[in-house]
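Residues per chain, in single letters:
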Amino acid sequence: GKWIDPVKPETIDVINPANEEPTGQISMGSAADVDLAVAAAKKAFPSYSRFSVKERVELLTSVREEYKRRYDDVAHAIMIEMGAPINLAKGGQASVGLGHLKTAIRVLSEFTFEYPHGNYTIRREPIGVCAQVTPWNYPMMMAVWKWAPAIAAGNTVVLKPSDTTPVTTLFMAQ
């Protein structure tokens, strides 16, 4: 629920592969930072896992609305950190992340978490903290593709983006 400074401050440059120029710096996380993130996600899990479907839909919808509002910023970040042409960054990259959010919202809205099956009741429940790692290609699409279903299911998430394309993932955190 808050931004914190790294336990062991260490930064690296984010390089635009199109011109090999630094476009900014990011903080590298240490094992201690991962431990803090997992502890925070564990602490948040009991209350978040009890969010109703309606509350989770509202959360994902608010993320999607913010994503749409900042769409050009997301596309620009993809362009810079991947060295992609802006048409590809907007069309083939940023739009796919937006589409995954739309799908997660639709599926969650229609999903049945508990139903009878013969003499049994089938109940699908959140499992806890989901650790997620994303590759450099399709940075926002891959992050949303993993993050949105986990959040929709009632789990908390610790997501580690690629260190070559980390900036777009910061939009999700903001």
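Conventions and cut-offs
Residues numbered from 1 in each chain as written. Predicted model: local features only at pLDDT ≥ 70, side-chain atom pairs only at ≥ 80, totals over all residues. Heavy atoms only, no water. Helix = DSSP H or I, 4+ residues; strand = E, 2+ residues; numbered from the N terminus. Areas by Shrake-Rupley, 256 points an atom, 1.4 Å probe, with all protein chains shown as cover. Lys, Arg positive; Asp, Glu negative; His and termini not counted. Charge placed at Lys NZ, Arg CZ, Asp CG, Glu CD. 1 Å grid on protein atoms, 1.4 Å probe; cavity = no way out; pocket = protein on both sides within 12 Å on 5 of 7 lines; lining within 4 Å. Points joined across faces, edges and corners; volume = space filled by probe spheres on them. Nonpolar A, V, L, I, M, F, W, Y, C, P; charged D, E, K, R; others polar. Patch = residues over 30% accessible without salt bridge, like charges linked within 9 Å, V, L, I, M, F, W, Y side chains within 5 Å. Salt bridge = Lys/Arg side-chain N within 4 Å of Asp/Glu carboxyl O. Buried < 20%, exposed > 50% of the residue type's maximum accessible area, 1.4 Å probe, protein only. Pairing = 2+ DSSP bridges. Core = buried A, V, L, I, M, F, W, Y, C linked by side-chain atoms within 4.5 Å. Contact = heavy atoms within 4.5 Å. Phe/Tyr/Trp six-rings, centres within 6.5 Å; stacked < 30°, edge-to-face > 60°.

Counting its regular elements, the chain contains 6 helices and 6 strands. Element order for the chain, N to C, with α for helix and β for strand: β-β-α-α-α-α-β-β-β-α-β-α. Element-wise, carbon and sulfur atoms account for 57% of the exposed surface of the chain, whose accessible area totals about 10,500 Å². The average position of the 18 basic charges and that of the 18 acidic charges among the side chains of the chain differ by 9 Å.

As a further point, take the layout of surface pockets. Put simply, the second largest pocket is a space of about 240 Å³. In terms of lining, the second largest pocket is formed by 17 residues, of which the most central are Ala104, Val107, Ala148, Pro149 and Ala152. For the lining of the second largest pocket, the class distribution of residues is 12 nonpolar, 3 polar and 2 charged.

On the surface, a nonpolar cluster with roughly 260 Å² of combined accessible area is contributed by Ile4, Val7 and Leu36. Within the secondary structure, Val7 sits in the segment before strand S1 (11-16). Exposure remark for Val7: the relative accessible area of 42% places this residue in the partly exposed category.

In this section: the pairing of strand S4 (residues 120-123). Looking at chain direction, strand S3 (residues 114-117) and S4 are connected through 4 bridges and run antiparallel. Bridging across to S4, Glu114 finds its partner in Arg123. What sits between the antiparallel neighbours S3 and S4 is a turn of 2 residues, in which Gly118 has the positive phi angle 65°.

Summarising the sheet, S1 and strand S2 (residues 21-27) pair through 6 bridges and their orientation is antiparallel. What sits directly across from Ile12, in S2, is Ile26. Taking the residues between adjacent antiparallel strands as the criterion, S1 and S2 are bridged by 4 residues, where Glu20 takes a positive phi near 60°.

This part takes up the nonpolar core. In terms of nonpolar packing, the biggest core is built from 32 residues, with Leu60, Tyr67, Leu101, Met140 and Trp147 touching the most fellow members. Secondary-structure elements contributing two or more residues to this core are helix H2 (53-69), helix H3 (71-82), helix H4 (86-110), helix H5 (139-152) and helix H6 (167-173). Among the elements that take part in this core, H5 stands out by supplying 8 residues, more than any other. Sequence-distant contacts of Leu60, defined by excluding residues within four places in its chain, comprise Leu101, Ala104, Ile105, Leu108, Trp147, Ala148, Ile151 and Ala152.

Take the packing of aromatic side chains next. All told, the structure shown has 3 aromatic pairs when counted by the stated rule. A ring pair is formed by Tyr48 and Phe51, whose centres lie 4.7 Å apart and whose planes are at 50°; its orientation type is tilted. Under the relative-accessibility criterion, Tyr48 is labelled buried at 9%. Taking the centre distance of 4.8 Å and the plane angle of 70° together, the rings of Phe111 and Phe113 count as edge-to-face.

Nothing here speaks to function; it is geometry throughout.
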